[in-house]
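Listed here are the chains, written in short residue letters.
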Amino acid sequence: MNITRKEQVPESMTQNGPVLQTESLLAPRPKTIKETGVSEALLLDLVAKHLLSAGVLTKEQLVSLIGVTGGIIQHLLDTAKALAWVENRQTTSDGQMRYALSSGGEHHAKQALSRNGYLGLAPVPLKQYANICKKQSSRAKAITFEMLEAGLSALVLPKDLLFKIGPAMNSSRPVLIYGPPGTGKSYLCRHLNLTLGDSVLIPYAIAIGNEVIQVYDPELHHKVGVGNETSSLRLSEGHDPRWIKCERPLRITGGELTAEMLEVQFDSHSRTYMAPLQLKANNGILLLDDLGRQKISAKQLFNRWIIPMEERRDFLSLQSGEHFEIPFELILLFSTNLNPKELVDEAFLRRLGYKIHFDALDEELYRKIWFQVCEDLDLSCTEEVFQYLLEEYHKRYEKPLIPCYPRDLLGIMSDQISFMEFEPVITPSLVDSAWSIYFV
């Protein structure tokens, strides 16, 4: 089984489709402190820490930084002034009141930072996160053959692969994709998000009691839409801005994976918690590439995830030892070049549910990929030269028709043509040279 790239993804698949529910219904903007689901003490500490960091802020700036309405911010400021933590400063040129910490407020803010260094949008409560995460499940709407074919239309691949990967995407069980290197396993996995075609809400952070775990990661979570809802003081506009509208996440990890990355991370220097990779990947796809080459063994990994894989829930803990449960609501993919039976025993393989084998191409598809790459690189190649490649090299040296070869070999030839200022035409001598460079 194999894949390669066509010219572009259809426009309809590059746009984000509707989420399962409108964002304002899924995560309505809270109007009171009680409706935020977190304690007033946590929010007061957050106001104090932001003022300590910035020096002086207006109410509108605090709304933007904390992600709650102007009415909630005003209540927090009034409470802080009653505690003698906050002072009024000279208004701005457009009449906005400015606020700063008193000496007592500065002392309190520093104490708050020493306990918890989190500084960002107000977190959402764990219960709300779990509820919304489950409602946004990619499995809430079944993937059909037409959806998968449209989502992967930028790839050239045999239809029998669609009939295997499609049901696997609808399953709640993990998927193992295995086969020789270069057969397109990882390349396919990286494009599966296109079949989902919608967006989800990702919390900036979640609260476990008064502790805060940051979830939003700008390198992983790609925002959808424009504008800054957190700057609005009005209650009627948009969803709760503590949630960020993003494309469904695709988290890829390979040989760098360690056991620690599967747990909540605590930075003792900044006194902040960061979410583990499976929490960041919730409502999306988590791909563990090169299974068997991680710093954690495959057996350790599967032992860690037996309950999450079977019950779709995970258990994490804080530095204090407090345990909590989160949804394990993601499509879990494993990719390996190794023999699955050498990685884990039969009992673990049964838990994976779907095992999909990738192999070398037939000549027809290899030809299609070869000439597609030629077109992409603006190279000209005749059928005679392509047959020369097959007869003199693939067949003579018994090299299988692996889908990465056209891209790699033609890339070398394109480099040679540019360097030597040749015409962009593939010749037998260029094939000879590229082959000798590529293979050892």
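Position labels on residues start from 1 in each chain and follow its written sequence. Under the rules for a predicted model, residues below a pLDDT of 70 receive no local features and side-chain atom pairs below 80 are neither given nor counted, while totals for whole chains, interfaces and linings still include all residues. Working from all heavy atoms in the structure, the side-chain values ignore hydrogens and water.

Some points on the overall build of the chain
- To qualify as a helix, a DSSP run of H or I must reach at least 4 residues; to qualify as a strand, a run of E must reach at least 2; elements of each kind are numbered from the N terminus. Counting its secondary structure elements, the chain contains 21 helices and 19 strands.
- Seen through its principal axes, the chain has C-alpha atoms that stretch 85 × 55 × 40 Å.
- Burial status follows relative accessibility: with a 1.4 Å probe on protein chains alone, a residue under 20% of its type maximum counts as buried, one over 50% as exposed, and anything between as partly exposed. Burial analysis of the chain (440 residues in total) assigns 50% to the buried set.
- A sequence separation of at least 24 residues applies to 76% of the contacts in the chain between residues at least 6 apart. Here a residue-residue contact requires only that any non-hydrogen atoms of the pair lie within 4.5 Å.

Topic: unusual backbone geometry
- Non-glycine residue Ala84 carries a positive phi angle of around 65 degrees.
- Along the chain, Ala84 falls in the loop between α6 (70-82) and β3 (86-89).
- Notably, Arg271 is not glycine yet its phi reads approximately 60 degrees, a positive angle.
- Mapped onto the fold, Arg271 is located in the loop between β13 (265-267) and β14 (272-274).

Points about the confidence of the model for the chain
- Averaged over all residues, the pLDDT of the chain equals 88, while 92% of them reach at least 70.
- A residue's pLDDT is simply how confident the predictor is in it, with values from 0 to 100. At the level of individual helices and strands, the chain shows its lowest average pLDDT in helix α1 (residues 11-14), which scores 38, and its highest in strand β5 (residues 124-125), which scores 98.

Quick notes on the domain arrangement of the chain
- Annotation of the chain at the domain level lists domain 1 (19-121), domain 2 (137-198 + 248-357) and domain 3 (363-438).
- Distance between the C-alpha centres of domain 2 and domain 3: 34 Å.
- The partner domain 3 presents 5 residues to the 6 residues of domain 2 that form the contact.
- Of the roughly 420 Å² buried between domain 2 and domain 3, counting both surfaces, carbon and sulfur atoms make up 80%.
- The buried area of a pairing is the accessible area, by a 1.4 Å probe, that goes missing from both parts when the two are put together, added over both. The largest contributions to the domain 2 side of the interface with domain 3 come from Val156, Gly182 and Thr183, which together make up 78% of the buried area. The domain limits used here are those given by an automatic or database domain assignment.

Considering the packing of helix α19 (residues 383-395) against helix α21 (residues 428-438)
- At a closest axis distance of 10 Å, the pairing of α19 and α21 adopts a crossing angle of 40 degrees. Between α19 and α21, the angle falls in the class oblique. Between α19 and α21 lies a crossing of right-handed hand. Counted together, Val385, Tyr388, Leu389, Tyr393 and His394 of α19 and Pro428, Val431, Asp432 and Trp435 of α21 form the full contact between these two elements. Lines fitted to C-alpha atoms define the axes, with helix axes restricted to the stretch in contact, and inter-axis angles between N-to-C directions lie between 0 and 180 degrees. Our angle categories are set so that under 35 degrees counts as roughly parallel, over 145 as roughly antiparallel, 65 to 115 as roughly perpendicular, and the remainder as oblique. Two helices crossing with the near one rotated counterclockwise from the far one by less than a right angle form a left-handed crossing, whereas a clockwise rotation gives a right-handed crossing.

Considering the nonpolar core
- Definition of nonpolar core: a set of buried residues of the types Ala, Val, Leu, Ile, Met, Phe, Trp, Tyr and Cys, connected through side-chain atoms within 4.5 Å. In this structure, Ile66, Ile73, Leu76, Val86, Ile206, Ile213 and Phe324 are the most contacted members of the largest nonpolar core, which totals 57 residues.
- At 7 residues, the largest contribution of residues to this core is made by helix α4 (residues 40-54).
- Residues lining this core come from more than one domain, with at least three contributed by each of domain 1 (19-121) and domain 2 (137-198 + 248-357).
- Once residues lying within four places of it in the same chain are set aside, the contact partners of Ile213 are Ala205, Ile206, Ile208, Val264, Tyr273, Met274, Ala275, Leu318 and Phe324.
- Counting 30 residues, the second largest nonpolar core, distinct from the first, contains Val156, Leu389, Tyr393 and Ile426.

Structural notes on the sheet that holds β13
- Only strands that DSSP links by at least two bridges are regarded as paired with each other. Ordered in space as β5-β9-β10-β14-β13, the 5 strands form an open sheet in which the pairing is mixed. Edge strands, defined here as strands with exactly one partner in the open sheet, are β5 and β13.
- Here β13 pairs with β14 via 3 bridges, running antiparallel. In the strand pairing of β14, Phe266 is matched with Tyr273.

A word on the packing of aromatic side chains
- In this analysis, rings of Phe, Tyr and Trp, with Trp reduced to its six-membered ring, are considered paired at centre separations within 6.5 Å, and the interplanar angle assigns stacked below 30 degrees, edge-to-face beyond 60, and tilted for intermediate values. Tallying each qualifying case throughout the model produces 17 aromatic pairs.
- Ring centres 5.6 Å apart and planes at 25 degrees place the aromatic pair Tyr204 and Tyr216 in the stacked group. With Tyr204 in the loop between β8 (199-203) and β9 (205-208) and Tyr216 in the loop between β10 (211-214) and β11 (243-247), this pair connects stretches of sequence that are 12 residues apart.
- Among the residues examined, Tyr216 registers a relative accessible area of 9% and is labelled buried.
- A centroid spacing of 5.8 Å and a plane angle of 25 degrees characterise the contact between Phe302 and Phe348, whose relative ring orientation is stacked. In this pair, Phe302 is assigned in helix α14 (residues 298-304) and Phe348 in helix α17 (residues 346-352), connecting sequence segments 46 residues apart.
- The exposure class of Phe302 is buried, given its relative accessible area of 1%.
- Judged by its relative accessible area of 7%, Phe348 is buried.
- An aromatic cluster is built from Tyr388, Tyr393, Tyr397, Tyr405, Trp435, Tyr438 and Phe439, whose rings are joined through pairwise contacts.

With respect to the sheet that holds strand β4 (residues 98-101)
- Pairing in this open sheet of 3 strands is antiparallel, and the strands run β2-β4-β3 from one edge to the other. Pairing within the sheet leaves two strands with one partner each, and these edge strands are β2 (56-58) and β3. Each adjacent strand pair in this sheet contributes to an overall mean axis angle of 40 degrees, direction not counted.
- As judged from the 3 bridges shared by β2 and β4, these two strands associate in the antiparallel manner. Of the residues in β4, the one forming a bridge with Val56 is Ala100.

Some points on the packing of α4 against helix α5 (residues 59-66)
- Where α4 contacts α5, the axes come no closer than 11 Å and their chain directions differ by 115 degrees. The angle between α4 and α5 falls in the class roughly perpendicular. The crossing of α4 and α5 is right-handed. Taking contact as the criterion, the partners of Leu46, Val47 and His50 in α4 are, on α5, Leu62, Leu65 and Ile66.
- Looking at the contact of α4 with α5 residue by residue, the classes come out as 5 nonpolar, 1 polar and no charged. In this classification, the charged set is Asp, Glu, Lys and Arg, the nonpolar set is Ala, Val, Leu, Ile, Met, Phe, Trp, Tyr, Cys and Pro, and all remaining amino acids, among them Gly, are polar.

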